[in-house]
Amino acid sequence: MLERLAKPLGGIWNGAATAVNAFFRVLGTAGKLLQDLLNGVWLGHPLHPVLTDVVVGAATAALFLDLLRLVFGIDGLAAAATWTLLLAWLAAVGSILSGLTDFKDTAPKSASRNVAGLHGLVNIAGTALFFASLTARWAANDGLGFWLLLVAFVLIGTGAFIGGHIVFTYGEMVNHNAFSRGKRAKEFTPILPAADLPDAAPTRATLGATALVLVRRGDVVHALKDTCSHAGGPLSEGSLDGDAITCPWHGSAFRLADGAVRHGPATTRQVAYRARINDGQVEVSGPRG
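Residues numbered from 1 in each chain as written. Predicted model: local features only at pLDDT ≥ 70, side-chain atom pairs only at ≥ 80, totals over all residues. Heavy atoms only, no water.

A.B. asks: Could you give an account of the side chain of Thr267, naming the residues involved and the relevant values?
C.D. replies: For Thr267, the location among the structural elements is in the loop between β8 (261-263) and β9 (272-278). Here Thr267 is in contact with Asn39, Gly40, Val41, Gly44, His45, Pro46 and Val261, once residues within four sequence places are set aside. (Helix = DSSP H or I, 4+ residues; strand = E, 2+ residues; numbered from the N terminus. Contact = heavy atoms within 4.5 Å.)

A.B. asks: Tell me what's going on with the pattern of salt bridges, and back it up with residues and numbers.
C.D. replies: Close approach of charged atoms allows side chains with opposite charge to pair. What the rule picks out here adds up to 9 salt bridges. Across the salt bridge formed by Arg69 and Asp66, the nearest N and O atoms sit 2.8 Å from each other. Taken together, the residues Arg69 and Asp66, both in helix α4 (residues 47-70) and 3 residues apart, mark about one turn of the helix. Both residues of the pair, Arg69 and Asp66, count as buried. Note that Arg262 and Asp243 form a salt bridge whose closest N and O atoms lie 2.8 Å from each other. Of this pair, Arg262 sits in strand β8 while Asp243 sits in the loop between β5 (239-241) and β6 (244-246), and the two are 19 residues apart along the sequence. Residue classification places Arg262 among the partly exposed residues on the basis of a relative accessible area of 35%. (Salt bridge = Lys/Arg side-chain N within 4 Å of Asp/Glu carboxyl O. Buried < 20%, exposed > 50% of the residue type's maximum accessible area, 1.4 Å probe, protein only.)

A.B. asks: Pulling in residues and values, what's your account of the sheet that holds β5?
C.D. replies: If you trace the 4 strands from one edge of the open sheet to the other, you get β5-β6-β7-β8, paired in antiparallel fashion. Edge strands, defined here as strands with exactly one partner in the open sheet, are β5 and β8. Adjacent strand axes in the sheet meet at a mean angle of 35° when their direction is disregarded. (Pairing = 2+ DSSP bridges. Axes fitted to C-alpha atoms, helices over the stretch in contact; angles between N-to-C directions.)

A.B. asks: Quick one: what's the story with the packing of helix α5 (residues 78-103) against helix α6 (residues 111-138), residue by residue and with numbers?
C.D. replies: With their axes 9 Å apart at the nearest point, α5 and α6 run at an angle of 155° to one another. It follows that α5 is roughly antiparallel to α6 by the angle criterion. The element α5 and its partner α6 pack so that their crossing is left-handed. In this structure, α5 uses Ala81, Thr82, Leu85, Leu86, Ala88, Trp89, Ala92, Val93, Ile96 and Phe103 to contact α6, whose residues at the interface are Arg113, Ala116, Gly117, Ile124, Thr127, Phe130, Phe131, Ser133, Leu134, Arg137 and Trp138. Among the residues making up the contact of α5 with α6, the classes are represented as 15 nonpolar, 4 polar and 2 charged. (Parallel < 35°, antiparallel > 145°, perpendicular 65-115°, else oblique. Left-handed = near helix turned anticlockwise from the far one by under 90°. Nonpolar A, V, L, I, M, F, W, Y, C, P; charged D, E, K, R; others polar.)

A.B. asks: Residue-level account of unusual backbone geometry, with values.
C.D. replies: Note: most peptide bonds trans; most residues except glycine with negative phi. The omega angle of the peptide bond from Gly264 to Pro265 is 20°, so this bond is cis rather than trans. Tracing the backbone shows Pro265 in the loop between β8 and β9. For Lys109, which is not glycine, the phi dihedral falls at a positive 60°. The topology assignment puts Lys109 in the loop between α5 and α6. The exposed category is assigned to Lys109, whose relative accessible area is 73%. One non-glycine residue, Ala200, lies in the positive phi region at around 55°. Note on placement: Ala200 falls in the loop between β1 (185-193) and β2 (203-207). For Ala200, a relative accessible area of 41% puts it in the partly exposed group.

A.B. asks: Now, about a nonpolar patch on the surface: what can you tell me, with residues and values included?
C.D. replies: Together, Phe23, Leu27, Leu34, Leu37, Trp42, Leu43 and Val50 make up an exposed nonpolar region whose accessible area comes to about 620 Å². With respect to the helices and strands, the residue Leu27 is situated in the loop between α2 (10-26) and α3 (29-39). With a relative accessible area of 36%, Leu27 lands in the partly exposed category. (Patch = residues over 30% accessible without salt bridge, like charges linked within 9 Å, V, L, I, M, F, W, Y side chains within 5 Å. Areas by Shrake-Rupley, 256 points an atom, 1.4 Å probe, with all protein chains shown as cover.)

A.B. asks: Would you mind going over α6 in detail, with residue names and values included?
C.D. replies: Taking 1.5 Å as the rise per residue, α6 with 28 residues should run 40 Å; its terminal C-alpha atoms sit 41 Å apart, in good agreement. Phi turns positive one or two residues past the end of α6, at Ala140, with a value near 65°. (Expected span 1.5 Å × (residues − 1).)

A.B. asks: Explain the packing of aromatic side chains to me, using residue names and the numbers behind them.
C.D. replies: Counting across every chain of the model gives 4 aromatic pairs. Each ring, one from Trp89 and one from Phe131, has its centre 5.3 Å from the other, and the planes form 40°; the classification is tilted. One end of the pair, Trp89, is in helix α5; the other, Phe131, is in helix α6, with 42 residues separating them in the sequence. Under the relative-accessibility criterion, Phe131 is labelled partly exposed at 37%. (Phe/Tyr/Trp six-rings, centres within 6.5 Å; stacked < 30°, edge-to-face > 60°.)

Here is the structure:
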């Protein structure tokens, strides 16, 4: 049902994602750092769900305080409800910014992008009503403020439901390597003749059924799982930038030595393997950790 509701506005969702991507590109390096902040690279976990938890929790508390005040006649709660609602609104603004940053990297013209667009639209409407409720309260119209909050709460709750659908149905912003860490060989296993591994060129190889990307720098070989943790892109088709490799799909960058995230939208480190050159063969053992 959600897919049918969202699909007619697919052109709007694609246009919005293009605009957000363009905004970050125009900012250059600052845009990349801002994207990392909003994706949650520094957190090791997407930032968006952290903020949405604050939104739902604070909105629920504000509505509860209003009900205690209006239904049960408990005095002295108006200011507490207003301050709690202000927290919900501030967190909602942060949620919109982080959500748009995640949204720009959804697959174009896909069902997941369409539903994510609907999710964002519903939550933007709820956030606007949060502010309208605050404005009514500051104007001493607590009754109107309550009804606006009630409608906003329904919208935010609906948005949260749609957000869960996006994660659990389409797997957006989850670690694509969480359940497939690959062969845990204790011993080094030959996987490729060293002569077939060019210097400073990402090369795909396999360890059993697990696809790896190998990068050689002289006699040093780095090995990471080929599947990008963000959206499953092939790192072997990516590019090198110093000691990092960049995914060709959305630009996530990982440190070759240990798979640590250098830049998002990925927030989860890449699975890294031990690798060496021995007797003319590239040998791999791992993964690390």
